[in-house]
Structure formats: C-alpha cells, structure tokens
Amino acid sequence: MTNVEAVGKEIERFTPTELAEFRRWYANFDADAWDEQIEADAVSGKLDALAEEALAEYEAGKAREI
C-alpha cells in the first residue's frame, strides 16, 4: 500500500467534523504550495515569456476590462 492509499484510508474514517477540518487544512496547504511554486517560477524567469506576451497584447490594444 502506498502512502497515498494509507492516507486515503485514514481520511475515509474521518467524522464529518474532522473531514471539514481536513478540507480547510488542505486548502490552505495547497494554496501555500501553489504560491511557493509561482514565486519560484517568477524568480527563475519561467514566467517572463508569458508576461512579455501579455504586455505586448495590452500595448497593442488587444486587452479589455473584465
């Protein structure tokens, strides 16, 4: 059994209150991991091409308010 399977079996035993608490915890955990990845990608330059493309479209008048 993998760690993921073991964790899944534990989660299946959660009470509704524990499951709600786990969901809140995981949402925060996942958001933090996402933020760290975006920050790392920005620092490393992985997002530079996307930013340049977006700025070029904006400067060409291809952007609109949302």
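Residues numbered from 1 in each chain as written. Predicted model: local features only at pLDDT ≥ 70, side-chain atom pairs only at ≥ 80, totals over all residues. Heavy atoms only, no water.

**Q** Help me understand a nonpolar patch on the surface in this model?
**A** Among the surface-exposed residues, W25, Y26 and F29 lie close enough to one another that they form a single nonpolar patch of about 340 Å² accessible area. If you trace the backbone, W25 turns up in helix α2 (residues 16-44). By relative accessible area, which is 49% here, W25 ends up partly exposed. (Patch = residues over 30% accessible without salt bridge, like charges linked within 9 Å, V, L, I, M, F, W, Y side chains within 5 Å. Areas by Shrake-Rupley, 256 points an atom, 1.4 Å probe, with all protein chains shown as cover. Salt bridge = Lys/Arg side-chain N within 4 Å of Asp/Glu carboxyl O. Helix = DSSP H or I, 4+ residues; strand = E, 2+ residues; numbered from the N terminus. Buried < 20%, exposed > 50% of the residue type's maximum accessible area, 1.4 Å probe, protein only.)

**Q** Would you explain the confidence of the model for the protein in this entry?
**A** Low-confidence regions, as indicated by low pLDDT, have predicted coordinates that should not be scrutinised in detail. With 100% of its residues at a pLDDT of 70 or more, the protein shows a mean pLDDT of 96. Taken element by element, the protein is modelled with least confidence in helix α3 (residues 48-59), mean pLDDT 95, and with most confidence in α2, mean pLDDT 98. (pLDDT = per-residue confidence, 0-100.)

**Q** For this particular structure, what's the right way to read the pattern of salt bridges?
**A** A pair can form between side chains of opposite charge whenever their charged atoms are brought close. This structure, assessed with the given rule, holds 2 salt bridges. Its salt-bridge partner being E10, residue R13 comes within 2.4 Å of it at the nearest N-O pair. Judged by its relative accessible area of 56%, R13 is exposed. A salt bridge links K46 to D41, with the shortest nitrogen-to-oxygen separation between them at 4.0 Å. The exposure class of D41 is buried, given its relative accessible area of 15%.

**Q** Quick question: what am I supposed to make of the side chain of D41 here?
**A** Examined against the element boundaries, D41 turns out to sit in helix α2. A distance of 2.8 Å separates a polar atom in the side chain of D41 from a polar atom in the side chain of Q37. The contacts of D41, once residues within four sequence positions are left out, are K46 and L47. (Polar contact = N/O pair within 3.5 Å; in protein donor to acceptor, adjacent residues only side chain to side chain. Contact = heavy atoms within 4.5 Å.)

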